[in-house]
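Coordinates in review
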Amino acid sequence: MKKETREIYHPTMTSSARFILLAFLLLATVVPSKPQGFSEDLDPKRHGPGQEKLSHLHFYLHDTLAGRDPTAMRVAKAPLLQLVHNVVRRGKYNGSTLSVLWRNAPLEDLRELPILGGSGLFQFAQGYAHARTHYLDIVTGDAIVKYDVYVLHY
Ligand SMILES: *[C@@H]1O[C@H](CO)[C@@H](O)[C@H](O)[C@H]1NC(C)=O
């Protein structure tokens, strides 16, 4: 992925440069200019995302909350739908996030969860995750869930 780094310099201005700048600023306030919008159009070739990629991530999550508040609580009390931000801590995606619309249905064999976005290497992300309950302890609510994530990003 190509990254553009910009450096901004603040050279010390000579007094004549300062005068010209001041004159320019004054002029700019007096002379009516084109209305300045809140947004601007960017050239997608220069600023836009690069080549779209499809990544497949798969991993197991041991779904227990540490301490006295086990997942059983969470499964029972969690809202039906929840936006979950997952921070990746491995490999080249370390620090990138994926936002998933999570559905509380641990007894379903296969859940499909939409990916709503992301950050870092997952900017502009969209896709879906297949969550399969690999192991579920109905007493404690502990679960091991296998995730297969298919994500389009740039
Ligand atoms: C992930 O990034 C964090 C913070 O930059 C760093 O402390 C950690 O060691 C990294 N982990 C891996 C597995 O690269």
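Shown above is the structure to which this text applies.
The shown structure was predicted, so the numbers you read here are calculated from the model rather than taken from an experiment.

Quick notes on the rules
Residues numbered from 1 in each chain as written. Predicted model: local features only at pLDDT ≥ 70, side-chain atom pairs only at ≥ 80, totals over all residues. Helix = DSSP H or I, 4+ residues; strand = E, 2+ residues; numbered from the N terminus. Buried ≥ 20, exposed ≤ 12 C-beta atoms within 10 Å, placed from the backbone. Contact = placed C-beta atoms within 7 Å. Near = placed C-beta within 6 Å. Nonpolar A, V, L, I, M, F, W, Y, C, P; charged D, E, K, R; others polar. Core = buried A, V, L, I, M, F, W, Y, C linked by C-beta atoms within 7 Å. Pairing = 2+ DSSP bridges.

This part covers the overall build of the protein chain. A count of helices and strands for the protein chain gives three helices and six strands. In the protein chain, the succession of α and β elements from N to C terminus is α-α-β-α-β-β-β-β-β. Here the protein chain holds 154 residues, and the buried ones make up 10% of them. Expressed as a percentage of contacts within the protein chain between residues at least 6 apart in sequence, the contacts between residues at least 24 apart total 50%.

On to the site of the ligand, then. Neighbouring residues of the ligand: Arg 89, Arg 90, Asn 94 and Gly 95. Residues that form the shell around the ligand fall into these classes: no nonpolar, two polar and two charged.

Quick look at the environment of Gly 141 now. Relative to the assigned elements, Gly 141 resides in the loop between β5 (126-136) and β6 (143-153). Residues Gly 141 and Pro 106, 35 residues apart in the sequence, show an inter-C-alpha distance of 9.0 Å.

Another aspect to go through is the nonpolar core. Membership of the largest hydrophobic core is limited to 10 residues, which are Leu 98, Val 100, Ile 115, Leu 121, Phe 122, Ala 125, Ala 129, Ala 131, Val 149 and Val 151. Where this core is concerned, the elements lending two or more residues are β3 (97-103), β5 and β6. Contact partners of Ala 125, with chain neighbours within four places excluded, come to Leu 98, Ile 115, Gly 117, Gly 118, Val 151, Leu 152 and His 153.

Glancing now at the pairing of β3. Taken residue by residue, a regular strand's side chains alternate between the two faces of the sheet. Here strand β2 (residues 81-87) pairs with β3 via seven bridges, running antiparallel. For Asn 86, the partnering residue across the bridge sits in β3 and is Leu 98. Sheet analysis places β3 next to strand β4 (residues 110-119), joined by four bridges and oriented antiparallel. Residue pairing across strands places Ser 99 opposite Gly 117, the latter belonging to β4. Where β3 folds back on β4, the antiparallel hairpin that results is connected by six residues.

With that out of the way, let us pick up the pairing of β5. Bridge count between β4 and β5: six bridges; the pairing is antiparallel. Bridged to Arg 111 within β5 is Ala 131. Between β4 and β5, which pair antiparallel and follow one another directly, the connecting turn spans six residues, one of which, Gly 120, has a positive phi of 65°. Note that β5 and β6 share 10 bridges and pair antiparallel. For Ala 129, the partnering residue across the bridge sits in β6 and is Val 149. Counting the residues in the hairpin turn of β5 and β6 gives six residues, including Gly 141, whose phi is positive at 85°.

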